[in-house]
Amino acid sequence: MPRKETLTDKVHDGILEMIIQTTQEEIVLNESKLVEHFGVSKAPVREALVRLCSEGVLKIIPRYGYVVVNLTPKDEQDVINMRIFLETQALQENFCQLMKTRLCVLKEQIDRSVTGGDVTVWEMLKLNEEFHLLLASCGENRVLVRFLSESLQIQKRIYAKNWWRNKQSMQIKIEAVPHLAIYRALCDGDLERCLEVLKQDIQMDQLSMGSGK
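Residues numbered from 1 in each chain as written. Predicted model: local features only at pLDDT ≥ 70, side-chain atom pairs only at ≥ 80, totals over all residues. Heavy atoms only, no water.

Draft legend 1. Structural context of the pattern of salt bridges. Overall, the coordinates contain eleven salt bridges when judged by the stated rule. In this structure, Asp188 engages Arg193 in a salt bridge whose closest nitrogen and oxygen atoms are separated by 2.4 Å. Of the residues examined, Arg193 reaches a relative accessible area of 32% and is grouped as partly exposed. The salt bridge involving Asp190 is made with Arg193; its shortest N-O contact spans 3.5 Å. Residues joined in a network through salt bridges with shared partners are Asp13, Lys126 and Lys156. (Salt bridge = Lys/Arg side-chain N within 4 Å of Asp/Glu carboxyl O. Buried < 20%, exposed > 50% of the residue type's maximum accessible area, 1.4 Å probe, protein only.)

If you want it as structure tokens, here you go:
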């Protein structure tokens, strides 16, 4: 089952949303102002800020505040390349085990992702992250999974920024069945096709949950 969203999660995503929607060149965040803005105590705001620092979204400058770390086009391509490297490696290591033990779990996750209505970009990205981590965590390579989780957090910000820039909205309708091509290739026991559709999914140009091919 997916992890229940906490107050810290909501503040974390709310801060990210503020960051991606601003047109300012430099963004400096203040803890006290964020507490007032979200109407919560200091604890979830502080926890969210610490998490955003660990994810490379923010850096703290003493006696100044939390400054947004801007991503370059090279950063965006680098994180895609890193995901392809990590996820294809995990798939090749775990392919036989995935077919034996994870097909039902993956199908359940795919079914949960088909909402039939509008969701927020954050909800969609969390479902996407859940699928890819399930796919990669079948083996015992915990270091690989940790680096993949960090890469997905970076790409989460990139996708959300691009979506806002194109749509001026944080809502999206999931129309295709997400990750279905990957699941079908697994069911068929076709490693080469599974690797190819996994790469295509990672390289997708627009925010989606997969093509449903």
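Still more to cover.
Draft legend 2. Here's a closer look at the side chain of Arg157. With respect to the helices and strands, the residue Arg157 is situated in helix H7 (residues 142-167). Asp75 provides the closest opposite charge to the buried, unpaired Arg157, separated from it by 7.8 Å. Beyond its immediate chain neighbours, meaning those up to four positions away, Arg157 contacts Leu16, Ile20, Gly56, Val57, Val68, Val69, Asn70 and Leu71. (Helix = DSSP H or I, 4+ residues; strand = E, 2+ residues; numbered from the N terminus. Lys, Arg positive; Asp, Glu negative; His and termini not counted. Contact = heavy atoms within 4.5 Å.)

Draft legend 3. Representation of the pairing of strand E3 (residues 65-68) in the model. With two bridges joining them, strand E1 (residues 28-29) and E3 adopt antiparallel strand pairing. Looking at the pairing, Leu29 lines up with Tyr66 of E3. Of the strand pairs in this sheet, strand E2 (residues 58-61) and E3 are connected by four bridges, and their pairing is antiparallel. Bridge assignment links Lys59 to a residue of E3, and that residue is Val67. With antiparallel pairing between neighbouring strands as the criterion, E2 and E3 make up a hairpin whose turn holds three residues, including Arg63 at a positive phi of roughly 60°. (Pairing = 2+ DSSP bridges.)

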